[in-house]
Every structure is written in structure tokens, then in C-alpha cells.
Amino acid sequence: FPVTIDIIRRIESNGFVFVSWGGGGFRGTKGSALVRCTNNHITSKHVGNITHAGSGCKECYDVSKLADNYRNSPELVIQRIEERGVVFNGWETDYRNRKSRCNVTCINGHSYNTTPNDVLSGKGCRHCSILRNSARRLRPESDAVAAFEKKGFSFLAWAGRIVTGK
């Protein structure tokens, strides 16, 4: 009996309301349960999928899939790319999804090939990244030695030359 209550609590903690056990009665996480989602869709779900994998409502998923198809339309994808300050130059291949290859120009005028997915997830121009990171990596030798020593290492030499002093 306590196991049954625990499973019902786990079902409800995943966003469902427990309605009843599926065919065959209570069978633990191997059985099925009739549940209601937050949008009042009633569906039969495998208990293990709800409690362990966090499976959602199939009807809600189908509705969100339609929204994804609109969100991923080529016109909307181009608009979202250009909202980031990147100029869209055209598709390298026919548009199928957000992983289709395209050509863009960054705000610094570098033209490069990428995917809408990369641009929209925040991956920027590779040329700008290389310039930004190379400027960040340059540091005086004394700072590098201090960083090594701070981590408990004894710094002995730079590639091919002995460090003098200490």
C-alpha cells in the first residue's frame, strides 16, 4: 500500500493527476495508469515512463510540434537571425530545418557558413571569436608563472629556455 501511494505521488510530481490504474490493476512501475495532464487531456501512460523518464502528454506534444513547425519556418528563422544583428545572405542548400546550411555576415563584416541553429543558440562568427580569444590569451610571463605557482606547481622552463630568478 505505501508503494502505491509513493508511485501516485511521483506521477503527480511529474505534472499529471492520477485517475486510475490501467488494465490489470496495480503492477508497480511496469503497469500503466490513466492520468490527466494540466490541459485536461486524459491518457493511458506506462508508469515507468512517467516516474523515471518524465514522459509528457502525447496530445500536448502534438500541439507543441505544430508550434515548432511554425517556429522553424524559413521566413521566421531568417527574421530571428537578422534580429541578432547578423545579415542573412542565403541558403547553401534547400531549407529543411534549423540545421540547414546558410551563409551570413556578422556585424564586423565577416562572411561565413553556418546553420540557423548555431546562430540562434549564440554561436557567433568564428573570425571574431579567434580575434577575441587571442587577445584574451596574451599575458605577461610573470602572470603565467604566478598562475602555475598558485596551483601548487613549480615552474621550471618555457619551451626550450630555463627560468632564472627564484
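All figures in this text were calculated on a predicted structure; none of them were measured in a lab.

What follows concerns the state of the cysteines. This model, assessed by the stated rule, comprises 0 disulfides. With no disulfide of its own, cysteine 106 has cysteine 128 as its nearest cysteine by sulfur position, at a separation of 3.7 Å.

Here we come to the nonpolar core. Ile81, Val86, Phe88, Val104, Cys106, Tyr112 and Cys125 are the most contacted members of the largest nonpolar core, which totals 13 residues. Listing elements by their share of this core, those giving two or more residues are helix H4 (74-83), strand S5 (102-105) and helix H5 (116-120). Once residues within four sequence positions are removed from consideration, valine 104 is found in contact with Ile81, Val86, Val87, Phe88, Asn89, His110, Ser111, Tyr112 and Thr114. Listed in part, the 10 residues of the second largest apolar core include Ile8, Ile11, Val35 and Cys57.

What follows covers unusual backbone geometry. Even without a glycine there, the phi angle at asparagine 40 is positive, about 65 degrees. With respect to the element layout, asparagine 40 can be found in the loop between strand S2 (32-36) and strand S3 (42-46).

With that out of the way, let us pick up the packing of aromatic side chains. On inspection of all chains with the given rule, the structure shows 3 aromatic pairs. Feature note: the residues Phe88, Trp91 and Tyr95 constitute an aromatic cluster, connected by ring pairs.

With that settled, the discussion passes to the pairing of S5. Residues Cys102 and Val104 point to one face of S5 and Asn103 and Thr105 to the other, with burial holding for every one of them. Bridge count for strand S4 (residues 87-91) against S5 is 4 bridges, and the pairing is antiparallel. Its bridge partner lying in S5, tryptophan 91 is registered against cysteine 102. Across 4 bridges, S5 lies against strand S6 (residues 111-114) in antiparallel orientation. Its bridge partner being in S6, threonine 105 is matched across the sheet by serine 111. Once S5 ends, the chain turns through 5 residues before running back antiparallel as S6, passing glycine 109 with a positive phi of about 90 degrees.

The rules behind each value
Residues numbered from 1 in each chain as written. Predicted model: local features only at pLDDT ≥ 70, side-chain atom pairs only at ≥ 80, totals over all residues. Heavy atoms only, no water. Disulfide = S-S within 2.5 Å. Core = buried A, V, L, I, M, F, W, Y, C linked by side-chain atoms within 4.5 Å. Buried < 20%, exposed > 50% of the residue type's maximum accessible area, 1.4 Å probe, protein only. Helix = DSSP H or I, 4+ residues; strand = E, 2+ residues; numbered from the N terminus. Contact = heavy atoms within 4.5 Å. Phe/Tyr/Trp six-rings, centres within 6.5 Å; stacked < 30°, edge-to-face > 60°. Pairing = 2+ DSSP bridges.

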